[in-house]
Amino acid sequence: MKDISSAIQLIPLEHYILLCVTLFSIGLMGVLFRRNTIIILMCIELMFNSINLLVAAFSAYHSDPSGQVFVFFVMIVAAAEVAVGLSILVMMKRNVDSVDINLLNRLKW
Amino acid sequence: MSALIFTIVLGIIVLYLGFLKKKAILAPVAIAGLLIALFLSLKDWGLGSRYFHDMILFDNFSIAFNISMIIVTILIFLFGIDYYRMMGLHVAEQYALMIFALTGAFLMTSYSNLIILFLGIEILSIPLYVLAGGKKASFRSNEASFKYFMLGSFATAIFLFGIALVYGASATFYLPEIKIYIAQFNGHLPPMVMVGLLFILIGVAFKVAAAPFHFWSPDVYEGSPTIVTAFMATVVKTAGFAAFFRLLGMGLLPLPAPLEKALWVMTGLTLLVGNLGALKQTNFKRLLAYSAIAHSGFIMLAMLSQHSSSAKVLLYYTFVYSLATVPLFIIFILVKRASDWQEELVNFRGLFKEKSWIAVCMTILLMSLAGIPPSSGFMAKYQVFVLSISQGNLLISIFAILMAVIGIYYYFFVIREVFTESKQLNPIVVTRLNGALIIVCSLAVLLLGVFVWNLPI
């Protein structure tokens, strides 16, 4: 545990923050602009994982274990969420035989 | 805490009753269990017990909100007996998922740590994604479910990013410590904390459907099965606002000036969008969705006017709003059945001639939502305005009153349709239980307005 924390601290904190913000923005742009629902699910996962990385880095720098516990919670919740999301996707695919998000336009205004 | 654990066990019991094919006793068991949970919550009153290293704090605020949510869930389950009678399969899962969502709501009212807030929001949301897609063969339900899921997890990601940034700056998830950390800057926060707080507020505002983040709510409300819509419009909204209030009160107040301005703009926008959006709706569920957004605006007004009585006003407003909304959805389902599954407002025509007592009850309920005295909706709105004016927020209060006047128009539009003479397609069939529910809720809405002016916290 001590070794890992010191290994993480070899790289300056700013680099972690920049990396995570970049990953988060890639995920965000993916959710906003991609039309394929499976890719959107992947982008949401990317956003969650960038947050995990960020919290883990902060936790090592503050030498505070609660951040690492938080990462576990986020991982569990993300797994549960993707399970539900994929099953919703399968249900949708059965009804319209497509995973294109543009089909979601029956309900508006 | 015993109420929380008991509710989780209750959900599992209901789920297993479904496996054993005991459909007839599902709703009675669920309702009896919720009554026990209600009793267990009452027993914790005034103790202020803390659990898990102060991660959960059951103070009177959270117990009062839990009790109000349990009561509303019992009403919804009573409605469910009739609603699910025709549905053969997977009824137990529906009840169990709603009970699990309720446990998430309990966590959201009683957290004192951002981890628990996050878990509560997710335990509330994930069952709702499934419930919204409850009608598997209907594409509208699929669409509602997927939209809710996608935007919900997107908002969760933004919310988590905010938590990560705040944690990075303050090295803690515990709200009182975050409050001390913020206070030491005297309003000039470092940019990282500012962005983090903004993202957290965006995440919570999304869950309560406040204005720039409300786009999912009309679609999801329209597409979901009606009983789930009733659950979302009442219990989920109450839990969201309790969480929002606790977040502000325990951790973030006094907010830095830019964030406070952002929240005020959000309140104004919510009032504007909710009330103006409702004007041109022809679908009753969408109308109620916009009305829910408009009510969010009023509740935010009460929440932002910081005063010791804010929590009381918040509880009264959400409870009264829920009491009026659940029977409206029951009446809507009765009319929908009688008019060949149409959901338009014009289907309410002829209701007065067909079943005059339902029409009278519906008038009372809609008047309460519009805020006409002597209904309790008027008392709730009155208290919100008194509170916000006494805290010196004069301009936004005047704006909110104007918006309430606009609100009267679209609620009375529905009342006009109810009293318009027309021939209903089929006779309206009311079971005794549904009739009793409608009458009891209408009476409660009236009597609460006359006799009870606030609820204890």
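Residues numbered from 1 in each chain as written. Chains lettered and ligands numbered in written order. Predicted model: local features only at pLDDT ≥ 70, side-chain atom pairs only at ≥ 80, totals over all residues. Heavy atoms only, no water.

### Digging into the overall build of chain B
Thinking step 1. Helix and strand counts for chain B come out as 18 helices and two strands.
Thinking step 2. Over its C-alpha trace chain B gives a radius of gyration of 21 Å, about what one expects of a compact globule, namely 23 Å for 457 residues.
Thinking step 3. Seen through its C-alpha atoms, chain B measures out along the principal axes to roughly 65 × 55 × 45 Å.
Thinking step 4. Excluding contacts between residues fewer than 6 apart, the proportion of contacts in chain B whose partners are at least 24 apart in sequence is 80%.
Thinking step 5. With the model as given, the accessible surface of chain B reaches about 15700 Å², and the carbon-plus-sulfur share is 72%. (Helix = DSSP H or I, 4+ residues; strand = E, 2+ residues; numbered from the N terminus. Rg over C-alpha atoms; globule rule 2.2 N^0.38 Å. Contact = heavy atoms within 4.5 Å. Areas by Shrake-Rupley, 256 points an atom, 1.4 Å probe, with all protein chains shown as cover.)

### Comments concerning the overall build of chain A
Thinking step 1. Counting secondary structure elements, chain A contains four helices and zero strands.
Thinking step 2. Along chain A, helices (α) and strands (β) appear in the sequence α-α-α-α when read from the amino end.
Thinking step 3. For 109 residues, the compact-globule estimate of 2.2 N^0.38 gives 13 Å, and the C-alpha radius of gyration of chain A, at 18 Å, exceeds that figure by more than 25%.
Thinking step 4. In terms of its C-alpha atoms, chain A occupies a principal-axis envelope of roughly 55 × 25 × 25 Å.
Thinking step 5. Sequence separation of at least 24 residues holds for 58% of the intrachain contacts in chain A that already meet a minimum separation of 6.
Thinking step 6. Within the structure as shown, chain A displays about 6000 Å² of accessible surface, and the carbon and sulfur contribution to it stands at 69%.

### Structural notes on the packing of aromatic side chains
Residues and elements named next belong to chain B.
Thinking step 1. The final tally for this structure, using the stated rule, is 26 aromatic pairs over all chains.
Thinking step 2. A centroid spacing of 5.0 Å and a plane angle of 15 degrees characterise the contact between Tyr148 and Trp216, whose relative ring orientation is stacked. Taken together, the residues Tyr148 in helix H6 (residues 139–170) and Trp216 in helix H9 (residues 216–223) connect sequence positions 68 residues apart. Each member of the pair Tyr148 and Trp216 is classed as buried.
Thinking step 3. Among the aromatic side chains, those forming a connected cluster through ring pairs are Tyr129, Phe146, Tyr148, Phe149, Phe206 and Trp216.
Thinking step 4. Positioned above the aromatic ring of Tyr111 is the side chain of Arg246, whose terminal nitrogen or guanidinium carbon lies 6.0 Å from the ring centre.
Thinking step 5. Here Lys381 stacks its cationic end above the ring of Phe298, 4.8 Å away from the centre of that ring. (Phe/Tyr/Trp six-rings, centres within 6.5 Å; stacked < 30°, edge-to-face > 60°. Buried < 20%, exposed > 50% of the residue type's maximum accessible area, 1.4 Å probe, protein only. Lys NZ or Arg CZ within 6 Å of the ring centre and 35° of its normal.)

### Some details on the nonpolar core
All names here are of chain B.
Thinking step 1. Counting 216 residues, the largest nonpolar core has Leu247, Leu248, Phe284, Phe348 and Met362 as the members making the most contacts within it.
Thinking step 2. Here the element with the most residues in this core is helix H13 (residues 310–338); it accounts for 21 residues.
Thinking step 3. If sequence neighbours within four positions are ignored, Leu247 has contacts with Tyr111, Leu114, Leu117, Leu175, Ile200, Leu201, Val204 and Leu252. (Core = buried A, V, L, I, M, F, W, Y, C linked by side-chain atoms within 4.5 Å.)

### Structural notes on the interface of chain A and chain B
Thinking step 1. Across the contact, 43 residues belong to chain A and 42 residues belong to chain B.
Thinking step 2. For the pair chain A and chain B, the number of links is zero salt bridges.
Thinking step 3. Here chain A is connected to chain B by four residue pairs in polar contact (both at pLDDT 80 or more).
Thinking step 4. The set of elements that each furnish at least two residues to the side of chain A that touches chain B consists of helix H2 (13–33), helix H3 (37–62) and helix H4 (66–96) of chain A.
Thinking step 5. Of the residues forming the side of chain A that touches chain B, the biggest block, 16 residues, is contributed by H4(A).
Thinking step 6. The class makeup of the residues in the side of chain A that touches chain B is 31 nonpolar, eight polar and four charged. (Salt bridge = Lys/Arg side-chain N within 4 Å of Asp/Glu carboxyl O. Polar contact = N/O pair within 3.5 Å; in protein donor to acceptor, adjacent residues only side chain to side chain. Nonpolar A, V, L, I, M, F, W, Y, C, P; charged D, E, K, R; others polar.)

### Here's the deal with the confidence of the model for chain A
Thinking step 1. Mean pLDDT for chain A: 88, with 96% of residues reaching 70 or above.
Thinking step 2. H2(A) holds the highest mean pLDDT among the elements of chain A, 93, whereas helix H1 (residues 2–8) of chain A holds the lowest, 80. (pLDDT = per-residue confidence, 0-100.)

### What to know about H9(B)
Think of an α-helix as 3.6 residues a turn; residues three or four steps apart then line up on the same face.
Thinking step 1. With eight of eight residues buried, H9(B) lies mostly within the body of the structure.
Thinking step 2. In this fold, the buried residues of H9(B) make contact with H6, helix H8 (191–207), helix H10 (226–252) and helix H12 (284–304) of chain B.

### With respect to the environment of B:Gly152
Residues and elements named next belong to chain B.
Thinking step 1. You can see Gly152 is positioned in helix H6.
Thinking step 2. Of the residues examined, Gly152 reaches a relative accessible area of 0% and is grouped as buried.
Thinking step 3. Separated by 72 residues in sequence, Gly152 and Ser224 have C-alpha atoms that sit 15 Å apart.
Thinking step 4. In this view, Gly152 contacts Tyr129, Lys147, Phe206 and Lys207; residues no more than four positions away in its chain are not counted.

### As for the packing of helix H4 (residues 91–110) of chain B against H10(B)
All names here are of chain B.
Thinking step 1. Where H4 meets H10, the axes come as close as 7 Å, and the angle between the chain directions of the two elements is 15 degrees. One way to sum up the angle between H4 and H10 is to call them roughly parallel. In this structure, the crossing between H4 and H10 has a hand that is left-handed. In this structure, H4 uses Met98, Ala101, Leu102, Ala105, Met108, Thr109 and Ser110 to contact H10, whose residues at the interface are Ile227, Phe231, Val235, Ala239, Gly240, Ala242, Ala243 and Arg246.
Thinking step 2. Looking at side-chain class alone, the contact of H4 with H10 contains 11 nonpolar, three polar and one charged residues. (Axes fitted to C-alpha atoms, helices over the stretch in contact; angles between N-to-C directions. Parallel < 35°, antiparallel > 145°, perpendicular 65-115°, else oblique. Left-handed = near helix turned anticlockwise from the far one by under 90°.)

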